[in-house]
Amino acid sequence: MSAVVLEARGLAKRYGSQVAVAGIDLIVHEGEVIGLLGPNGAGKTTTILMLLGLTEASEGTVTILGKDPLRQPLAVKREVGYLPDAVGFYDNMTGRENLAYTARLAGLSREQAKERIAVALERVRLTEAADRPVGTYSRGMRQRLGIAELLMRDCKVAILDEPTSGLDPQSTQELLELILELSRGGMTILLSSHMLDVVQSICTRIALFNKGRIGFFGTVEELAERLGRGSYVIDVEVEGIDLPSVLSGANGVTSVVASENGTWQVEAVNDVRAELACLIVQAGGNLKNMNLRRARLDEAYNRYFREYANAA
Ligand SMILES: Nc1ncnc2c1ncn2[C@@H]1O[C@H](COP(=O)(O)OP(=O)(O)OP(=O)(O)O)[C@@H](O)[C@H]1O
């Protein structure tokens, strides 16, 4: 496996008697895209602030790119980019001027900055709008300018807080493609989001925050398995039989539930389509459609918080 770029051990944060983060462990490898998920108040933002050294942990340690964010804040800021929910650019300055300003703060020479800014603006498709004041930008354009800043600074790690919130579907898609490009280029990315389809489409692993702890850390398939339902989901459209009774006791099948659209959702520990087809035909059913898909994060997430999180 690739190198560890971020390691948190026993990280906790208290505000007086209020526990915001109750002790988390997190190890992230180079090039991963990690989704930080959980209900409001579960501790995601506080964790992000501790990882960045923007707030001091009450307990525990953080190492990011081999450095301690509290002891070596400048070194960490140089290599770790943070895109907050509302990116803070100067509205009266153009996109290019904003980047030039950040480049100066980051210690880039004028020549180096000019070249990197042009390349970054091109990659986020803002070249045409680069000389307009940022005050005229849409939210999607601001987010892309934020990504351009990470590119210009050649960040090794990016932490994105709700990057797609408030974006229309097309801008969301554009931003997701950009984030994937960053990841393909070797950047390690952590992003917090409540948009589960977004998270599933780009994240390699997810961390489920629950009451200040990480209740689960792994892939969507591993989450589905942890919940005891198997990671294979087969949508079945069938007439003439009662599918749950036909499949009761079938090998590998963990549940059969009716979906809203009149089909059945069969969950299994492996791809049981051939066996399902046999059992349905033997029982005299008219099989109209059968479709295998990945376990869906929204289904697993809702089940986790409905059935497991309170007991955790
Ligand atoms: N500065 C603060 N002072 C006191 N309590 C705080 C402070 N910041 C956060 N908290 C509390 O800590 C808990 C965790 O908050 P946090 O913002 O980290 O959650 P979150 O998972 O990011 O939520 P959201 O999805 O709403 O952004 C909450 O109960 C919150 O009220």
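You'll find the protein entered in an unreviewed UniProt entry as ABC transporter ATP-binding protein, with Chelativorans composti given as the organism. Comment text from UniProt for the protein, heading Sequence similarities (unreviewed entry), reads "Belongs to the ABC transporter superfamily."

Visitor: Now, about the overall build of the protein: what can you tell me, with residues and values included?
Guide: Secondary structure assignment for the protein yields 11 helices and 13 strands. Once the C-alpha set of the protein is aligned to its principal axes, its extents read approximately 75 × 50 × 35 Å. Within the protein, the fraction of its 312 residues that count as buried is 48%. A separation threshold of at least 6 residues defines the contact pool for the protein, and within that pool the share at least 24 residues apart is 70%.

Visitor: So, the site of the ligand: which residues are in play, and what are the values?
Guide: Tyr15, Gln18, Ala20, Pro39, Asn40, Gly41, Ala42, Gly43, Lys44, Thr45, Thr46 and His194 make up every residue found near the ligand. Here an oxygen atom of the ligand sits 3.1 Å away from a polar atom, N or O, in the main chain of Ala42. Between the ligand and the protein, one listed contact pairs an oxygen atom with a backbone N or O atom of Gly43 at 2.9 Å. Contact with the protein chains removes 60% of the 640 Å² of surface that the ligand exposes when unbound. The dominant element in the shell around the ligand, judged by the number of residues it contributes, is helix 1 (residues 44–51), at 3 residues. Of the residues that constitute the shell around the ligand, the class distribution is 4 nonpolar, 7 polar and 1 charged.

Visitor: So what about the environment of Leu167? Which residues, and what values?
Guide: Assignment of secondary structure puts Leu167 in the loop between strand 6 (157–161) and helix 6 (169–184). With near-sequence residues (within four places) excluded, Leu167 lies in contact with Arg139, Gly140, Gln143, Thr172 and Leu175.

Visitor: Give me the lowdown on the sheet that holds strand 9 (residues 213–218), citing residues and values where you can.
Guide: As summarised here, the arrangement of the 6 strands in space is 5-6-7-3-8-9, forming an open sheet in which the pairing is mixed. At either margin of the open sheet sits one strand with a lone partner, and together these are strand 5 (80–83) and strand 9. Going across the sheet, the axis of each strand differs from the next one's by a mean of 15 degrees, ignoring polarity. Of the strand pairs in this sheet, strand 3 (residues 33–37) and strand 8 (residues 205–210) are connected by 4 bridges, and their pairing is parallel. For Leu36, the partnering residue across the bridge sits in strand 8 and is Ala207. Sheet strands touched by helix 5 (residues 139–152): strand 5 and strand 6. Its angle to strand 5, the strand with the most contacts, is close to 170 degrees.

Visitor: Would you mind going over the UniProt feature "domain: ABC transporter" (unreviewed entry) in the protein in detail, with residue names and values included?
Guide: The positions that UniProt labels "domain: ABC transporter" (unreviewed entry) are, in the present scheme, residues 6–236. The straight-line gap between the two end C-alpha atoms of residues 6–236 is 42 Å; of that span, 36% is helix and 28% is strand.

Visitor: A description of the nonpolar core should follow, citing residues and the corresponding values.
Guide: If you look at the biggest cluster of nonpolar residues, it comprises 56 residues, and the most contacted ones within it are Ile147, Ile206, Leu208 and Leu223. Top element by residues in this core is helix 5. It accounts for 7 residues. Leaving out residues up to four positions away in the same chain, Ile206 has contacts with Gly35, Leu37, Val199, Phe216, Phe217, Gly218, Leu223 and Leu297. In this structure, Val28, Ala42, Ile48 and Ala207 belong to the second largest nonpolar core, which totals 25 residues.

Visitor: Could you give an account of the side chain of Thr94, with specific residues and numbers?
Guide: Examined against the element boundaries, Thr94 turns out to sit in the loop between strand 5 and helix 3 (95–105). We classify Thr94 as buried; its relative accessible area is 11%. The residues touching Thr94, leaving out its near neighbours within four places in the chain, are Ala130, Asp131, Arg132, Pro133 and Val134.

Visitor: I'd like to hear about the domain arrangement of the protein, residue by residue, with values.
Guide: Parsing the protein into structural domains produces domain 1 (4–218) and domain 2 (226–308). Using only C-alpha atoms to locate each centre, domain 1 and domain 2 end up separated by 38 Å. In this assembly, 12 residues from domain 1 lie in contact with 9 residues from domain 2. Here domain 1 meets domain 2 over a buried area of about 960 Å², counting both sides, of which 66% is carbon and sulfur.

Criteria and cut-off values
- Residues numbered from 1 in each chain as written.
- Predicted model: local features only at pLDDT ≥ 70, side-chain atom pairs only at ≥ 80, totals over all residues.
- Heavy atoms only, no water.
- UniProt positions renumbered as here; feature names shortened; annotations may be inferred.
- Helix = DSSP H or I, 4+ residues; strand = E, 2+ residues; numbered from the N terminus.
- Buried < 20%, exposed > 50% of the residue type's maximum accessible area, 1.4 Å probe, protein only.
- Contact = heavy atoms within 4.5 Å.
- Near = heavy atom within 4 Å.
- Polar contact = N/O pair within 3.5 Å; in protein donor to acceptor, adjacent residues only side chain to side chain.
- Areas by Shrake-Rupley, 256 points an atom, 1.4 Å probe, with all protein chains shown as cover.
- Nonpolar A, V, L, I, M, F, W, Y, C, P; charged D, E, K, R; others polar.
- Pairing = 2+ DSSP bridges.
- Axes fitted to C-alpha atoms, helices over the stretch in contact; angles between N-to-C directions.
- Core = buried A, V, L, I, M, F, W, Y, C linked by side-chain atoms within 4.5 Å.
- Domains from an automatic or database assignment.
- Buried area = accessible area lost by both parts, 1.4 Å probe.

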